[in-house]
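Listed below are the residues making up each chain.
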Amino acid sequence: MTDGVPAPVTHRLRVEMLVVLGISLGQSAIYSVLSIINKLTLPVALNEQTTSMNRSTTPDRPWLDLAYQVAGLIFPLMPVALVLYLLWTYRQPEGGAFGAMGFDLRHPLRDLKWGFATFAGIGIAGLAFYFAARELGINTSVSAANLTAAWWTVPVLLLRAVMNGILEEVVMIGYLFTRWRQSGGGIVAVIVGSALIRGGYHLYQGFGGFIGNAVMGALFGVIYLRTGRVMPLVICHALLDIFAFVGYALLKPYIAWL
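Summary of the structure given here. Small disclaimer: the values here were computed from a predicted structure and weren't measured.

The rules behind these values
- Residues numbered from 1 in each chain as written.
- Predicted model: local features only at pLDDT ≥ 70, side-chain atom pairs only at ≥ 80, totals over all residues.
- Heavy atoms only, no water.
- Helix = DSSP H or I, 4+ residues; strand = E, 2+ residues; numbered from the N terminus.
- Expected span 1.5 Å × (residues − 1).
- Buried < 20%, exposed > 50% of the residue type's maximum accessible area, 1.4 Å probe, protein only.
- Contact = heavy atoms within 4.5 Å.
- Axes fitted to C-alpha atoms, helices over the stretch in contact; angles between N-to-C directions.
- Parallel < 35°, antiparallel > 145°, perpendicular 65-115°, else oblique.
- Left-handed = near helix turned anticlockwise from the far one by under 90°.
- Nonpolar A, V, L, I, M, F, W, Y, C, P; charged D, E, K, R; others polar.
- 1 Å grid on protein atoms, 1.4 Å probe; cavity = no way out; pocket = protein on both sides within 12 Å on 5 of 7 lines; lining within 4 Å.
- Points joined across faces, edges and corners; volume = space filled by probe spheres on them.

Description of helix 8 (residues 187-200)
Phase 1: Relative to the 20 Å expected for 14 residues at 1.5 Å per residue, helix 8 spans 20 Å between its end C-alpha atoms, a close match to the ideal helical length.
Phase 2: Among all positions of helix 8, only Val190, Ile191, Ser194, Ala195, Arg198, Gly199 and Gly200 are buried.
Phase 3: As for helix 8, its buried residues are in contact with helix 2 (25-40), helix 7 (153-182), helix 9 (207-227) and helix 10 (231-251).

Pasting the structure below:
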C-alpha cells in the first residue's frame, strides 16, 4: 500500500500512465533522443544544423496538403481524448475528468490572467535562451514554420499552436499529475519527471531545447499546483507557439538571422 492506496490500484494506475506516455509524448521523447544522436554524429556542428517544423507534405498540391495538415491537427489530440476517457471510466477524480484538472471554462478571466502573465514571463526569457544556446553551439537553428504559402497557412499555424497546448498540458500536467497523486506518488517526483519528459521530447532541437523546456515544465507544474487548473497553461503554451510559428512565418523574409 502506498500512502493509503492499495498496491493493485497503484500498480494499475502506474501501468496506465506508462501506456499513455508510450503512445503519446513519451514515445516522442524516445524518437527525440534518436534524433539528437543522429545530429551529434553528423559531420556538421549542431549549431550549424537546422531543425524544420510545420512542414508541407505536398507543397505542389495545396488542397491535398491542407488535408494532411487537418489530419495532423486531429490525430495528435487522440491521447487527450484517451486520458479524459480513462479519468472518466476508472477511479474518476473528484470534480470529474475535466473539472479535476481545470480543463474547462468555469474561470475564463482568471485563466486568461494567469495564461498571459506566464506567457509574458516565459516568452522573452525563452527567446533569449534559445539564441544563447545556439551561439554556445548546443542547439540547432529552429525553422518554426515551413508551410507552403496559401490562404490556410496562418489558420493552420494558429490551430497547430492550440493543438500543441492542449496535447502537452492536458497529458503532461493535468492527467499525469492527477493519476500520479491518485497512485500515492509524491509531488516533487511528478514535477521533476514531467519536466524531464517534456525536455526529452524537445531534445530533437538540441540541448537548449531540452533545458529550456524542462525548466518551463517544472514551472508549469508549480503553477498548476498553485492554481489547480490546466487551462492557464494551455493558454500560455498556445500563445508561445503562436508567437513562434506565426511570428517566424511573418518575419523570416525580412530578418536574415532568424
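A closer look at the packing of helix 6 (residues 108-135) against helix 9
Phase 1: Following both chains from N to C, one finds helix 6 and helix 9 inclined at 160°, their axes separated by 11 Å at the closest point. If you check the angle between helix 6 and helix 9, you find them roughly antiparallel. When you trace helix 6 past helix 9, the crossing you get is right-handed. Residues Arg110, Trp114, Thr118, Ile122, Phe129 and Ala133 of helix 6 lie in contact with helix 9, whose contacting residues are Gly208, Ile211, Gly212, Met216, Leu219, Phe220, Ile223, Arg226 and Thr227.
Phase 2: A breakdown of the residues in the contact of helix 6 with helix 9 according to their chemical character gives nine nonpolar, four polar and two charged.

Section: the layout of surface pockets
Phase 1: Space inside the second largest pocket adds up to approximately 180 Å³.
Phase 2: Those elements that provide at least two residues to the lining of the second largest pocket are helix 1 (7-22), helix 7 and helix 8.
Phase 3: Take the lining of the second largest pocket: its biggest share by element is five residues, from helix 8.
Phase 4: The class makeup of the residues in the lining of the second largest pocket is eight nonpolar, two polar and one charged.

Considering unusual backbone geometry
Phase 1: For Asn54, which is not glycine, the phi torsion reads 50° and is therefore positive.
Phase 2: When you line up the elements, Asn54 lands in the loop between strand 1 (50-52) and helix 3 (62-74).
Phase 3: For Asn54, a relative accessible area of 10% translates into the label buried.
Phase 4: Even without being a glycine, Arg91 presents a positive backbone phi close to 50°.
Phase 5: Examined against the element boundaries, Arg91 turns out to sit in the loop between helix 4 (78-89) and helix 5 (96-101).
Phase 6: A relative accessible area of 39% means that Arg91 is categorised as partly exposed.

The analysis is restricted to geometry; functional conclusions fall outside its scope.
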